[in-house]
Amino acid sequence: MIGLVKLRKLTFVISLIFIIFVTIPLMEAEAAVVENDIYETTDMQHNWKKYGTDINVFQTDTHEVTYWKNFMRYSRTCNISHEVKTIVYYCGLHDHTKSETFLEEITHSVNHSH
Ligand SMILES: [Zn+2]
Ligand SMILES: [Zn+2]
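We now turn to the structure provided with this report.

What counts, and at which threshold
- Residues numbered from 1 in each chain as written.
- Chains lettered and ligands numbered in written order.
- Predicted model: local features only at pLDDT ≥ 70, side-chain atom pairs only at ≥ 80, totals over all residues.
- Helix = DSSP H or I, 4+ residues; strand = E, 2+ residues; numbered from the N terminus.
- Buried ≥ 20, exposed ≤ 12 C-beta atoms within 10 Å, placed from the backbone.
- Pairing = 2+ DSSP bridges.
- Axes fitted to C-alpha atoms, helices over the stretch in contact; angles between N-to-C directions.
- Contact = placed C-beta atoms within 7 Å.

Here the focus is the overall build of the protein. The secondary structure content of the protein amounts to one helix and three strands. Going from N to C terminus, the protein has its helices and strands arranged as α-β-β-β. Per-residue burial over the protein gives 0% buried out of 114 residues.

Below, the structure written as structure tokens:
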């Protein structure tokens, strides 16, 4: 019977060790997740600083332009492009970025009246 008690004690010790080594890191991991949740959801103060500007031109459409010259009717294809400006901001407090996009201007490759 003494042997059984000893075995039970050993099982108890093993489970105690198990609890210490397994559940504590788990609890820590859970706490870290919660912390991360708060960080993502609450409106906290950011330190947004302009990081860079990127200008891209996209050709979005074409259309035919007709005009008269020396009593002759001419036709040309006009390319419509959109100039889009992207401003990237960097927050040094949390090491993340955000960007804002603006449509700067719409240009026609052919100078014509609309
Ligand atoms: Zn931030
Ligand atoms: Zn045009």
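This brings us to the sheet that holds strand β2 (residues 72-91). Within a sheet, neighbouring strands are paired by backbone hydrogen bonds and run either parallel or antiparallel to one another. Taken together, the three strands give an open sheet; going across it, the order is β1-β2-β3, and neighbouring strands pair in antiparallel fashion. Of all the strands in the sheet, just β1 (48-69) and β3 (96-108) have a single pairing partner and so form its edges. The sheet shows a mean angle of 15° between the axes of neighbouring strands, taken without regard to direction. Where β2 lies against β3, 12 bridges are found, and the strand directions are antiparallel. Note that in β3 the partner of Tyr90 across the bridge is Thr97.

On to unusual backbone geometry. The phi dihedral of Phe71 is positive, around 65°, even though this residue is not glycine. Among the secondary structure elements, Phe71 is positioned in the loop between β1 and β2. Overall, Phe71 belongs to the exposed group, with 5 C-beta atoms counted inside 10 Å. Here the phi dihedral of Asp95 falls at roughly 55°; this positive angle occurs in a residue that is not glycine. If you trace the backbone, Asp95 turns up in the loop between β2 and β3. For Asp95, a count of 7 C-beta atoms within 10 Å translates into the label exposed.

As a further point, take the pairing of β3. Along β3, only zero of the 13 residues are buried, which leaves the element largely exposed. Hairpin connection between β2 and β3: a loop of four residues separates the two successive antiparallel strands, and Asp95 in this loop has a positive phi of roughly 55°.

Next up on the list: the pairing of β1. Little of β1 is tucked away: zero of the 22 residues are buried. Pairing between β1 and β2: 20 bridges, direction antiparallel. Note on β2: the bridge partner recorded for Asn56 is Val84. Between β1 and β2, which follow one another and run antiparallel, lie two residues, and Asn70 among them has a positive phi close to 50°.

Below, the discussion takes up the environment of Thr77. Along the chain, Thr77 falls in strand β2. Of the residues examined, Thr77 has 10 C-beta atoms within 10 Å and is grouped as exposed. Note: C-alpha distance between Thr77 and Val110 (33 residues apart in sequence) is 7.8 Å. Apart from the residues within four sequence positions on either side, Thr77 is in contact with Thr62 and Glu64.

So yeah, pure geometry; function would need other evidence.
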